[in-house]
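# Coordinate analysis (summary)
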Amino acid sequence: MRFLDRRIHLITGKGGVGRTTVTAALARAAARHGRRTLALEIGDPDGGYSPLGRLLGRETLSETPARLSQHLSVAHLWAPVGHEGFLRSVLPGGPLIKSALKSRALRKFLDAAPSFHEMGVFFHLLLLLEATREDGQPEHEVILIDMPATGHTLALTGLPDLLLGLIPRGPVAKALRRGQAFMNNPAQAAAWVVTLPEQLPVTESLELLDGLARTQVPIGGVLLNRYPDDPFDPEERAALDAFMAQHPAQGGLALKRIDQAQGAADRLRAGTDALIVSLPEVWVDDPGPVLEAQLHAAMRRTP
Amino acid sequence: MSAPSPAQLLDARKVIVCCGAGGVGKTTVSASLALAAARRGKRVLVVTIDPSKRLAEALGVDRNPPEPVALAADRLAKLGVQAPGSLSAWMLDPQLVSDTVVRERSRTPDEAERLLTNPIYRNVSAMIAGMQEYTAVEALHAFVGDDQYDLVVLDTPPSRNALRFLDAPDRVGAFLDRRIFNLFVPGEGGVIRRVASRLIEKVLDTTFGEDTRRDLQVFFELFSQILGHLNKNQHDMRAFFQSEAVSFLLVTSPAREAVTEAFFFEKKTREELGLHLGGYVLNRSLAWAADLPMPDTLRRPVDAPAALGRALGRLAPLAQAEAQLARTHADLASELRNRAGDHGFAWVLPRLPDGAGALEALIGLADALMTDGLAASPAGGPTTA
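Residues numbered from 1 in each chain as written. Chains lettered and ligands numbered in written order. Predicted model: local features only at pLDDT ≥ 70, side-chain atom pairs only at ≥ 80, totals over all residues.

## Focus on the overall build of chain A
Note the cut-off: Going along the chain from the N terminus, every DSSP run of H or I of four or more residues is numbered as a helix, and every run of E of two or more is numbered as a strand. Counting other C-beta atoms within 10 Å of its own, a residue is labelled buried from 20 upward, exposed at 12 or fewer, and partly exposed in the gap between, with every C-beta atom placed from the backbone. What counts as a contact here is a pair of residues whose C-beta atoms, placed from the backbone, lie within 7 Å.
Looking only at helices and strands, one finds 13 helices and eight strands in chain A. With the C-alpha coordinates of chain A rotated into their principal frame, the extents come out at 80 × 40 × 35 Å. Looking at the 303 residues of chain A, the share that counts as buried comes to 49%. Within chain A, residue pairs in contact and separated by at least 24 positions form 74% of the contacts whose partners lie at least 6 positions apart.

Below is the structure:
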């Protein structure tokens with residue numbers, strides 16, 4: 001299963017591991033392969049700050065995909081769009097749907113009611129997945145979502161199950177099952193856990209992988225970000241360690257990081273059967289282009 | 001007043017609130033501040049929402065106890081806290097706090113039971129927008145005016161919006177809009193209300209089925225009553241937040257994006273909430289490494305093996321990158337200092353070696369806070385030994 005053959009990729013991981021940077025680089029790389037690619041983040045009801053937008057050159061995002069280049073668009077998932085979409089799909093036409101969509105009270109209810117925000121987000125995603133062009137081809141061939149902090153990721157991926165428990169029948173349940181069938185299909189969807197080759201992030205990633213497995217979202221793999229290159233042979237390293245122990249200097253931290261990264265990667269491999277892809281450590285202000293090149297190459301072969 | 005040092009701040013304030021985006025190390029910074037104050041002889045409580053197992057283990061406390069837990073004497077000794085100083089921790093499970101609030105605030109035990117067993121409440125109360133933040137404020141409220149503690153350090157819930165915590169009352173207020181919720185509860189009312197009520201009922205019945213609609217109605221009715229009681233606390237807290245007794249810290253990691261985001265939130269709090277931040281904490285900085293020599297400037301022993309020459313050559317680009325990173329971190333620190341101005345502070349905490357246990361990390365950061373330089377190298381130093 002190549003990366004590009006799946007329709008939807010959830011990019012998850014704890015704050016600070018470079019998740020948004022990786023999402024932006026993956027999106028650019030997929031677009032360079034000629035796929036109509038849509039990068040998404042979950043819209044913050046408070047509005048304002050868009051980390052993904054910033055990386056892709058937009059201050060703010062809207063619910064309508066904004067075209068960045070021939071094959072790359074960006075937008076945010078916006079609960080009210082999903083709410084409207086599902087109301088339209090479940091209510092009979094005519095006066096009921098008209099007054100429902102006009103009702104401010106109903107809108108307020110949907111904003112305030114627990115988990116309805118996530119539900120709106122989920123339905124908006126479903127609308128984007130199912131959008132087609134005139135020729136019947138998907139409007140967005142590859143969709144990538146920069147998923148928020150761990151807890152929210154599980155809230156969203158676990159949402160269909162949760163809601164189906166509450167609402168087992170009816171049109172909403174049907175739509176939820178449709179979305180769930182999509183999200184749980186390994187040929188269509190994959191979740192990627194971005195992490196760092198360090199002790200604590202690896203521990204948390206293993207926990208996140210367990211959590212994802214419980215929500216039955218297929219795991220694409222782990223993206224081990226900022227993995228330092230080890231340029232030394234054992235003889236060189238031994239000589240260097242002996243010397244640096246006497247003379248603290250720049251580069252000492254890099255050596256420590258190399259050792260820690262190898263230890264962390266070993267622990268990750270021992271803890272999961274998932275595919276692990278190492279991404280290079282990039283010591284520049286904008287790691288985007290280097291990551292993009294690496295991911296572009298990886299997409300041809302990544303199972 | 002000029003910018004306070006950490007010691008001055010810990011001595012002068014009753015409450016310190018740590019805000020920041022997810023992943024910046026907010027919980028560790030909160031716990032270290034609390035530890036530093038306890039070591040100064042204060043009776044301190046640190047409150048965190050949904051904390052890591054690791055921190056709970058380091059402090060030797062359970063997660064999710066019903067009330068604050070005082071650290072055991074041997075743990076305090078390990079952490080370097082001496083009487084009269086003390087340290088308590090309260091690691092809150094949002095669900096547990098919510099359940100407690102329901103029991104305490106319902107009008108009758110029967111109503112509490114109805115809400116606690118309501119399927120909507122059971123499944124989703126932890127997901128209500130603003131609920132965790134609301135919980136934090138509620139928890140804090142209980143300790144304001146209580147002289148059991150000299151200082152309370154509050155670690156705000158992880159959230160993409162660093163300051164969402166501050167407007168939690170408004171957010172949950174959406175629930176309290178009785179005009180809205182009345183529409184879902186059958187009852188009297190004017191013609192317009194009855195029409196709106198019927199419309200919503202019809203939409204909900206069509207969409208979710210009658211059973212779910214009834215569950216929703218019960219949930220809304222009972223839950224918004226409880227939140228109505230709580231709202232007064234939140235109102236009091238808003239006034240308290242603006243007093244001299246409280247200081248807000250914005251924790252950030254040493255990355256360009258994170259600092260830009262921190263500035264964005266500072267502006268937003270000032271303009272929209274009228275609250276002023278005490279200052280910034282730049283966490284995990286490597287700025288201290290900027291002063292180390294480059295390896296190729298070091299004199300090699302005359303009998304050095306050839307491998308050392310090759311190794312130093314390969315190390316050079318890594319060392320340059322590291323020096324560059326240290327300079328970037330130093331630049332970010334001075335940007336934060338400029339932004340903080342004359343009255344605010346910008347403290348820099350070092351990145352501790354990976355693999356440092358949670359206990360060592362707390363002690364290391366508490367030490368760093370009390371070091372005037374604040375950018376001192378972490379214990380052990382930047383060697384490869």
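## Thoughts on the overall build of chain B
Check the secondary structure of chain B and you find 15 helices and eight strands. Taking all 385 residues of chain B together, 49% fall into the buried category. Expressed as a percentage of contacts within chain B between residues at least 6 apart in sequence, the contacts between residues at least 24 apart total 78%.

## Details of the sheet that holds strand S3 (residues 66-67) of chain A
Residue and element names in this part refer to chain A. The line we're drawing: When DSSP finds at least two bridges between two strands, those strands are taken to pair. Inter-axis angles, ranging from 0 to 180 degrees, are taken between N-to-C directions of lines fitted to C-alpha atoms, where helices are fitted over the stretch in contact.
Reading across from one edge, S3-S4-S2-S5-S1-S6-S7-S8 is the order of the eight strands in this open sheet, with mixed pairing throughout. Two strands lie at the open edges of the sheet, namely S3 and strand S8 (276-280), each paired on one side alone. Bridge count between strand S7 (residues 219-227) and S8: four bridges; the pairing is parallel. From the neighbouring strand, Val 222 faces S8, where its bridge partner is Ile 276. The strands touched by helix H10 (residues 199-214) are strand S1 (8-12), strand S6 (189-195) and S7; relative to S6, the strand with the most contacts, the crossing angle is about 165 degrees.

## Notes on the pairing of strand S7 (residues 279-285) of chain B
Moving residue by residue along a regular strand, the side chains alternate between the two faces of the sheet. Residue and element names in this part refer to chain B. In plain terms, the rule: Handedness of a crossover: with both strands directed away from the viewer, a clockwise path from the first strand across the helix to the second marks it as right-handed.
Judged by how many residues are buried, S7 sits mostly within the fold: seven of seven residues are covered. A crossover connection joins strand S6 (residues 246-252) to the parallel S7 through helix H13 (residues 256-273); in handedness this β-α-β unit is right-handed. Assessed by its sense of winding, the connection that carries the chain from S7 through helix H14 (residues 306-340) to strand S8 (residues 345-350) is right-handed.

## Some remarks on the packing of helix H3 (residues 79-90) of chain A against helix H9 (residues 170-183) of chain A
All names here are of chain A. Here is the rule we go by: When describing relative orientation, an angle under 35 degrees is termed roughly parallel and one over 145 degrees roughly antiparallel, while 65 to 115 degrees is termed roughly perpendicular and anything else oblique. Left-handed describes a crossing whose near helix is turned anticlockwise from the far helix by less than a right angle; the clockwise case is right-handed. Put simply, Ala, Val, Leu, Ile, Met, Phe, Trp, Tyr, Cys and Pro go in the nonpolar bin, Asp, Glu, Lys and Arg in the charged bin, and everything else, Gly too, in the polar bin.
Axis separation between H3 and H9 bottoms out at 9 Å; the angle between their running directions is 120 degrees. Taken together, the axes of H3 and H9 lie oblique to each other. Between H3 and H9 lies a crossing whose hand is right-handed. Within the contact between the two elements, H3 uses Phe 86, Ser 89 and Val 90 and H9 uses Pro 171, Val 172 and Ala 175. Split by residue class, the contact of H3 with H9 holds five nonpolar, one polar and no charged.

## Looking at the environment of Ala 24 of chain A
Residue and element names in this part refer to chain A. In this fold, Ala 24 is placed in helix H1 (residues 19-32). According to the C-beta neighbour criterion, Ala 24 is buried, with 27 such atoms within 10 Å. Placed 55 residues apart in sequence, Ala 24 and Ala 79 show a C-alpha to C-alpha distance of 22 Å. Each residue touching Ala 24, except ones within four places of it in the same chain, is listed here: Ala 39, Leu 52, Leu 55, Leu 56 and Gly 288.

## A closer look at the packing of H10 of chain A against helix H12 (residues 252-271) of chain A
Residues and elements named next belong to chain A. Viewed as axis vectors pointing N to C, H10 and H12 meet at an angle of 10 degrees, and their least axial separation amounts to 9 Å. Comparing their axes, H12 and H10 come out roughly parallel. Of the two elements, H10 crosses H12, and the hand of that crossing is right-handed. Taking contact as the criterion, the partners of Gln 199, Val 202 and Leu 206 in H10 are, on H12, Ala 264, Arg 267, Leu 268 and Gly 271.

## Points about the sheet that holds S7 of chain B
All names here are of chain B. Ordered in space as S3-S4-S2-S5-S1-S6-S7-S8, the eight strands form an open sheet in which the pairing is mixed. The strands lining the two open edges of the sheet, one partner per strand, are strand S3 (69-70) and S8. Across five bridges, the pairing between strand S1 (residues 15-19) and S6 is parallel. Its bridge partner being in S6, Cys 19 is matched across the sheet by Leu 250. Contacts between H14 and the sheet are confined to S7 and S8, with S7 contributing the most and set at about 170 degrees to the helix.

## Here's the deal with the nonpolar core
Residue and element names in this part refer to chain B. Short version of the rule: In this description, a nonpolar core means buried residues of the types Ala, Val, Leu, Ile, Met, Phe, Trp, Tyr and Cys, linked to one another by C-beta atoms lying within 7 Å.
Formed by 189 residues in total, the largest nonpolar core has its most connected members in Ala 34, Val 44 and Val 153. Considering every element that reaches this core, the biggest residue donor is H14, with 13 residues. The residues touching Val 44, leaving out its near neighbours within four places in the chain, are Ala 34, Ala 37, Ala 38, Ser 86, Leu 87, Tyr 149, Asp 150, Leu 151 and Val 153.

## Let's talk about helix H11 (residues 234-246) of chain A
Residue and element names in this part refer to chain A. Stated precisely, the cut-off is as follows: The length a helix should cover is 1.5 Å for every residue beyond the first. Each C-beta atom gives one direction from the helix axis, and the arc is the one those directions make.
Given a rise of 1.5 Å per residue, 13 residues ought to cover 18 Å, and the 19 Å separating the end C-alpha atoms of H11 matches this to within 8%. Buried within H11 we find Glu 236, Ala 239, Leu 240, Phe 243 and Met 244. Projected down its long axis, H11 carries its buried residues within an arc of 125 degrees, all on one side. Along H11, exposed side chains directed more than 90 degrees from the buried face belong to Pro 234 and Ala 245.

## Looking at unusual backbone geometry
Across the junction of Ala 83 of chain B and Pro 84 of chain B, the peptide omega takes the value 5 degrees, indicating a cis bond. Assignment of secondary structure puts Pro 84 of chain B in the loop between helix H4 (73-79) and strand S4 (86-92). For Gln 216 of chain A, which is not glycine, the phi torsion reads 65 degrees and is therefore positive. Gln 216 of chain A gets classed as partly exposed once you count the C-beta atoms within 10 Å, which come to 13. One non-glycine residue with positive phi stands out, namely Arg 226 of chain A, at about 55 degrees. Looking at where Arg 226 of chain A falls in the secondary structure, it is placed in strand S7.

## Focus: the environment of Ala 346 of chain B
All names here are of chain B. Secondary-structure assignment places Ala 346 in strand S8. Look at Ala 346 and you get buried, because 22 C-beta atoms sit within 10 Å. Taking the C-alpha atoms as reference points, Ala 346 and Phe 264, separated by 82 residues in sequence, lie 16 Å from one another. Residues within four places of Ala 346 in sequence aside, it is in contact with Gly 279, Tyr 280, Leu 282, Ala 333, Leu 336, Arg 337 and Ala 340.

## Points about the pairing of S8 of chain B
Residues and elements named next belong to chain B. Of all six residues in S8, six are buried, a share of seventy percent or more. Across five bridges, the pairing between S7 and S8 is parallel. Pairing of Gly 279 across the sheet is with Phe 345, part of S8.

Honestly, it's all geometry; don't read function into it.
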